[in-house]
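Here is how the chains run, residue by residue.
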Amino acid sequence: MTVKQSQYEELLAEYCDHQGAIALLKQYRSYLEMVPSMRRPSDSVITIPLPVVRVRHTNLAGDGGVATVKTSETVLLPCDVGILMCDPEWKIKTGSEIFVFIHRPQEDFSDLLSRWRHTQMLLNRDYEWVMPHRYKHILNEAAEDTYPLFVIFPDTPERIRRGLRGAGLPFVIQQVDVADAEEPELIEEADDLSYLPLSDDTWGEIGEGF
């Protein structure tokens, strides 16, 4: 069996909420211990699905490169969810950030690992988060430490589990039961349709509806 798009979408939607994110972290205790306050989870954990960051660049300009020009670039991170920790009292982001990578349909080990490597390259620069509107007041500078967490399914190929284990990357296995969407029946032959003749009055009623 292969991973279905509906399975991926289900987990992505689940982790958008802080309760779903904490339920995920409970499966990996080392990360759960990073949550500042379990008594105030809604104020301690910020989840950002398909997150965006603003990466800053410093370029040399002028003769001899004596002047510096600072620019910024807004980029979409290749992870699925960013989990930020926030001090519930001071309303500031702490120094730890967790990046969740959900196994996507048709994604093999090298694709999954490359998403984390690409994230590492982007975050190796000076950056700031593009925060959701309700968190605009929180300081959102770059983290001191970044941590990955991979989420795979029972149907995920064994080589991906073996690869993550060999690379020393943390992962959890999630069971998601999503019923297949019912596909509408397609009508192949127009001749199979039956037509009911309409009177002139009926056509007038239909025309009034448009």
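Note: the structure precedes this text.
This text gives an overview of the structure that appears in the document. (Residues numbered from 1 in each chain as written. Predicted model: local features only at pLDDT ≥ 70, side-chain atom pairs only at ≥ 80, totals over all residues. Heavy atoms only, no water.)

**Looking at the side chain of R115**
- Tracing the sequence through the fold places R115 in helix α5 (residues 109–123).
- A polar atom in the side chain of R115 sits 2.8 Å from the side chain of E107. (Helix = DSSP H or I, 4+ residues; strand = E, 2+ residues; numbered from the N terminus. Polar contact = N/O pair within 3.5 Å; in protein donor to acceptor, adjacent residues only side chain to side chain.)

**Some points on the packing of aromatic side chains**
- Evaluated as defined, the whole model comprises 5 aromatic pairs.
- Geometrically, the ring pair formed by F101 and F150 is stacked, given 5.2 Å between the ring centres and 25° between the ring planes. Taken together, the residues F101 in strand β5 (residues 92–102) and F150 in strand β7 (residues 145–152) connect sequence positions 49 residues apart. Grouping residues by exposure puts F101 and F150 together as buried.
- Ring pairing ties together the aromatic residues Y28, Y31 and Y147, which thus form one cluster. (Phe/Tyr/Trp six-rings, centres within 6.5 Å; stacked < 30°, edge-to-face > 60°. Buried < 20%, exposed > 50% of the residue type's maximum accessible area, 1.4 Å probe, protein only.)

**Some points on the pattern of salt bridges**
- This model, assessed by the stated rule, comprises 10 salt bridges.
- Where D43 meets R40, a salt bridge forms, and the shortest distance between an N and an O atom there is 3.3 Å.
- According to the relative accessible area criterion, D43 is partly exposed, its value standing at 27%.
- Look at R40 and you get partly exposed, because its relative accessible area is 29%.
- A salt bridge links R56 to E128; its shortest N-O distance comes to 3.2 Å. Highlighted residues: R56 in strand β2 (residues 52–61) and E128 in strand β6 (residues 126–129), separated in sequence by 72 residues. (Salt bridge = Lys/Arg side-chain N within 4 Å of Asp/Glu carboxyl O.)

**Observations regarding helix α1 (residues 5–14)**
- Looking only at α1, the buried set comprises Q7, Y8, L11 and L12. End-on view of α1: buried residues confined to an arc of 130°, all on one side of the axis.
- Buried positions along α1 lie against β1 (45–49), β4 (81–87), β5 and β7. (Arc of directions from axis to C-beta. Contact = heavy atoms within 4.5 Å.)

**Notes on the side chain of R161**
- Considering the arrangement of structural elements, one finds R161 in helix α6 (residues 158–166).
- Buried charge without a salt bridge: R161, with E158 as the nearest opposite-charge side chain at an N-O distance of 4.1 Å.
- Discounting residues that sit within four places of it in the chain, R161 has contacts with I152, F153, P154, T156, F171 and I173. (Lys, Arg positive; Asp, Glu negative; His and termini not counted.)

**Focus: the sheet that holds β4**
- Across the sheet, 5 strands lie side by side as β1-β4-β5-β7-β8; this open sheet has mixed pairing. Edge positions in the sheet fall to β1 and β8 (171–173), since each has one partner strand and no second. Put simply, the sheet's adjacent strands are angled 25° from each other on average, direction ignored.
- Of the pairings in the sheet, the one linking β7 to β8 comprises 3 bridges and is parallel in character. Along β8, the bridge assignment pairs I152 with I173.
- Here α5 sits on the sheet in contact with β5 and β7, set at roughly 155° to β5. (Pairing = 2+ DSSP bridges. Axes fitted to C-alpha atoms, helices over the stretch in contact; angles between N-to-C directions.)

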